[in-house]
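A look at the structure
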Amino acid sequence: MSDKFDVIVIGGGPGGYAAAIRCAQLGLNTACIEKRINKQGKPALGGTCLNVGCIPSKALLDSSWKFYEAKNKLADHGVVVNTPKMDIAQMQKRKDEVVLQLTGGIGALFQANKVTWLQGSGKLLSGKQVEFTPNEKGDAQTLQAEHVILAAGSVPIEISVAPLKDDLVVDSTGALEFTSVPKRLGVIGAGVIGLELGSVWARLGAEVVVLEAVDTFLPVVDTQISKETLKVLKKQGLDIRLGARVTGSDVKGKKVTVSYEDGSGEQSEVFDRLIVAVGRRPMTGELLSQDAGVSLDERNFIYVDSQCRTDAPGVYAIGDLVRGPALAHKALEEGVMVAEVIAGEHTQVNYDTIASVIYTHPEVAWVGKTEDEVKASGEAYKTGVVPFAANGRALAAGDAEGMVKFVVDEKTDRILGMHVVGPQASELVQQGVIAMEFGSTIEDLQLMVFSHPALSETVHEAALATDYRAIHVAQRRRKK
Ligand code: FAD
Ligand code: NAD
């Protein structure tokens, strides 16, 4: 094996693999170092996202929703099924197959693009040198690159009040592997992971209690949308307790007792399983030597500029290692940007139009600013909100909870934010992404013809509603 490359990427998740493939497309001799061994004991690309994140969680969300529908919703359509049963082993097998198909696909793409996959750990030394330690037996080797891209991702935060314990107290990775439905499931953290994985097991019959330290539900989400989301999730049976700070946990036999403080004082609950989902931290620990020359910020993220350059010349960092939302698509686009910057092109990720999605049912999705953020900035703005209850397609499908909301600059008519809770929100929000990316005004959306019947009509109606022009909802003018 050569010890010199144009580019060495450390980490083969969405950030790292996309960077490596794009570098290779641009004619750069590229290696990607990835140390992950999957649950089948084989080296695997795809990072957190494909192996233990986005993909397996969505596979379980889809399976559990189908079960929930069969049990609670199909009868409304006149579809009569005998009491449905859940085969958890089959659900997990299918999830594992999806993961293997996708992670194997990245390996095939590496081969097709002639990216060298080095199976082991990478550590950044000084002067764009990288120490590579193979997973298999063999000595560490020092490699040299013209450019290094750090893409080592993140790992779950552990908290001393709830240390992980076998399959009883688990992080998100453990929560993807339950072999039976716990009778009572505790979740610490009502963030994205807590709500998604809490939903999976609640749909399958677990009694789920989510303990959230903060008083506000989903504080990053537009208040109107988060209120609706909380209402719908509670109706589905998720017992979400806000202002509940976990202070300790105790495992005895097969039960976990969790103590927490809320407005009324000390409380405790006994669970069969506990998921700890309190955030993730960047994987900088073994990645950097003392003299690597890379600076960290106050939260231990690698410090980078807007094009992901670190303080070490020729060294870039992307994805969950750096500032910004910890999202796969953000990591991927940073990987592509850095590859193109290295190749001398002028590329810039537009951080203002990165959408976020929570894959509950209904889904929650948003891009841009919330109404509260715009209000706080003092800019004059207008909003348009339309419920899916006014949408023929949503009603026909029996899936009409939620709403679409636009926040628009009153003076320029530019879209500042789009917020959705409702069916297919993850897909609908892309319409806002495209509109905002093109700098379109809300009038542009108002003037477009949307197919009928389609969920997208609620996007159109919400755009019209910003100017009191919605046809299918009665609007009262806001007092100025
Ligand atoms: P990672 O995907 O974490 O990849 C980094 C890779 O680097 C890892 O495979 C690691 O083994 C490897 N590595 C680390 N250190 C070294 C080293 N020194 N040498 C060699 N290799 C190393 N995001 C979304 O956008 N949508 C979702 O639906 C979504 N769902 C999620 C669900 C769960 C349960 C979790 C945990 C996360 C989810 N995320 C989701 C977040 C998403 O997974 C991350 O934002 C994304 O994976 C970050 O990509 P990355 O390339 O920066 O890092
Ligand atoms: P998060 O930051 O979304 O939520 C963690 C929650 O835990 C917060 O609300 C926090 O207040 C709460 N918390 C912290 N300490 C607590 C304590 N002691 N007691 C009670 N509550 C406590 O983090 P997460 O849900 O672990 O997800 C991590 C990251 O993974 C997210 O930032 C997200 O970017 C990414 N992710 C994305 C998706 C998606 O895009 N659909 C899905 C899963 C994960």
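Residues numbered from 1 in each chain as written. Chains lettered and ligands numbered in written order. Predicted model: local features only at pLDDT ≥ 70, side-chain atom pairs only at ≥ 80, totals over all residues. Heavy atoms only, no water.

**So, the layout of surface pockets**
Approximately 510 Å³ is the volume found for the second largest pocket. Lining the second largest pocket are 25 residues, with Trp65, His361, Glu363, Asp399 and Gln424 sitting closest to its centre. Contributions of two or more residues to the lining of the second largest pocket are made by helix 3 (54–72), helix 10 (392–397) and helix 11 (425–437). Per-element accounting of the lining of the second largest pocket gives the leading share, six residues, to helix 3. Within the lining of the second largest pocket, the residues separate by chemical class into eight nonpolar, six polar and 11 charged. When residues of the lining of the second largest pocket are assigned to domains, at least three fall in each of domain 1 (4–156 + 281–349) and domain 3 (353–465). (1 Å grid on protein atoms, 1.4 Å probe; cavity = no way out; pocket = protein on both sides within 12 Å on 5 of 7 lines; lining within 4 Å. Points joined across faces, edges and corners; volume = space filled by probe spheres on them. Helix = DSSP H or I, 4+ residues; strand = E, 2+ residues; numbered from the N terminus. Nonpolar A, V, L, I, M, F, W, Y, C, P; charged D, E, K, R; others polar. Domains from an automatic or database assignment.)

**Focus on the sheet that holds strand 13 (residues 265–271)**
Here we have three strands laid out as an open sheet, ordered 11-12-13, and antiparallel in their pairing. A single partner strand is all that each edge strand has here, and the edge strands are strand 11 (245–252) and strand 13. Averaged over all pairs of adjacent strands, the angle between their axes in this sheet comes to 20°, without regard to strand direction. (Pairing = 2+ DSSP bridges. Axes fitted to C-alpha atoms, helices over the stretch in contact; angles between N-to-C directions.)

**Section: helix 13 (residues 456–465)**
By the criterion of burial, helix 13 is predominantly enclosed, with 10 of the 10 residues buried. Close packing links the buried residues of helix 13 with strand 19 (381–387), strand 20 (403–409), strand 21 (415–422), helix 11 and helix 12 (442–447). (Buried < 20%, exposed > 50% of the residue type's maximum accessible area, 1.4 Å probe, protein only. Contact = heavy atoms within 4.5 Å.)

**Description of the site of ligand 1**
Taken together, 39 residues lie around ligand 1, and Glu34, Thr48, Lys58, Asp320 and Ala328 are the ones closest in. The side chain of Glu34 places a nitrogen or oxygen atom 2.7 Å from an oxygen atom of ligand 1. One nitrogen or oxygen atom from the main chain of Ala326 is found 3.2 Å from an oxygen atom belonging to ligand 1. When ligand 1 is considered free in solution it has 1000 Å² of accessible area, and contact with the protein chains removes 93% of it. Counting only elements with at least two residues in the shell around ligand 1, the list comes to helix 1 (14–25), strand 2 (30–34), helix 2 (47–52), helix 3, strand 3 (116–124) and helix 8 (328–342). Examining the composition of the shell around ligand 1, we find that four residues originate from one element, helix 2, more than from any other. When the residues that make up the shell around ligand 1 are grouped by side-chain class, the tally is 16 nonpolar, 17 polar and six charged. (Near = heavy atom within 4 Å. Polar contact = N/O pair within 3.5 Å; in protein donor to acceptor, adjacent residues only side chain to side chain. Areas by Shrake-Rupley, 256 points an atom, 1.4 Å probe, with all protein chains shown as cover.)

**Observations concerning empty space enclosed by the protein**
For the coordinates displayed, the defined rule picks out one cavity of 30 Å³ or more. Of the volumes computed, that of the largest cavity is approximately 40 Å³. Taken together, Tyr68, Ser199, Ala202, Arg203, Gln236 and Leu238 make up the full set of residues lining the largest cavity. Top contributing element to the lining of the largest cavity by residue count: helix 6 (residues 192–203), with three residues. The residue inventory of the lining of the largest cavity, partitioned by class, reads three nonpolar, two polar and one charged.

**Overview of the site of ligand 2**
Taken together, 20 residues sit near ligand 2, with Glu196, Glu212, Gly279, Ala326 and Val357 positioned nearest. Within the backbone of Ile193, one N or O atom sits 2.9 Å away from an oxygen atom of ligand 2. Within the contact set of ligand 2, an oxygen atom lies 2.6 Å away from a side-chain nitrogen or oxygen of Glu212. Relative to its free-state accessible area of 840 Å², ligand 2 is covered by the protein chains to the extent of 75%. Classifying every residue of the shell around ligand 2 gives 14 nonpolar, three polar and three charged.

**Quick word on the domain arrangement of the protein chain**
As far as domains go, the protein chain holds domain 1 (4–156 + 281–349), domain 2 (169–278) and domain 3 (353–465). Using only C-alpha atoms to locate each centre, domain 2 and domain 3 end up separated by 29 Å. Each partner contributes residues to the interface: domain 2 has 18 residues there, and domain 3 has 19 residues. The largest share of the area that domain 2 buries against domain 3 comes from Asp222, Gln224 and Ile225, three residues that together contribute 33% of it. Along the contact surface separating domain 2 from domain 3 lie two salt bridges. For Asp222, the salt bridge goes to Lys405, with nearest N and O atoms at 2.9 Å. (Buried area = accessible area lost by both parts, 1.4 Å probe. Salt bridge = Lys/Arg side-chain N within 4 Å of Asp/Glu carboxyl O.)

**Observations concerning the sheet that holds strand 20**
Each strand in a sheet pairs with its neighbour through backbone hydrogen bonds, running either in the same direction (parallel) or in the opposite one (antiparallel). Across the sheet, five strands lie side by side as 17-18-21-20-19; this open sheet has antiparallel pairing. Each of the sheet's edge strands pairs with one partner strand only, and the pair in question is strand 17 (356–358) and strand 19. In this sheet, adjacent strand axes meet at a mean angle of 10° when their direction is disregarded.

**A closer look at the side chain of His419**
With respect to the helices and strands, His419 occurs in strand 21. Exposure remark for His419: the relative accessible area of 0% places this residue in the buried category. Only 2.8 Å separates the side chain of His419 from the backbone oxygen of Lys369, close enough to count as a polar contact. Excluding residues that lie within four positions of it along the chain, His419 makes contacts with Asp222, Ile225, Ala365, Trp366, Val367, Gly368, Lys369, Thr370, Met403, Val404, Lys405 and Val407.

**Structural notes on the packing of helix 3 against helix 6**
The interhelical angle for the contact between helix 3 and helix 6, taken along N-to-C directions, is 35°, at an axis separation of 8 Å. When you trace helix 3 past helix 6, the crossing you get is left-handed. Contact residues: helix 3 offers Ser57, Lys58, Leu60, Leu61, Ser64, Trp65, Phe67 and Tyr68, while helix 6 offers Glu196, Leu197, Ser199, Val200 and Arg203. By residue class, the composition of the contact of helix 3 with helix 6 is seven nonpolar, three polar and three charged. (Left-handed = near helix turned anticlockwise from the far one by under 90°.)

**Structural notes on the packing of aromatic side chains**
Throughout the structure, instances matching the rule amount to two aromatic pairs. Both rings, one in Trp65 and one in Tyr68, keep their centres 5.0 Å apart while their planes meet at 20°; by these two values the pair is stacked. Of this pair, Trp65 and Tyr68 are both found in helix 3, three residues apart, which corresponds to roughly one turn of the helix. Trp65 sits in the buried class, given a relative accessible area of 10%. Over the face of the ring belonging to Phe178 we find Arg273, whose NZ or CZ atom lies 4.7 Å from the ring centre. (Phe/Tyr/Trp six-rings, centres within 6.5 Å; stacked < 30°, edge-to-face > 60°. Lys NZ or Arg CZ within 6 Å of the ring centre and 35° of its normal.)

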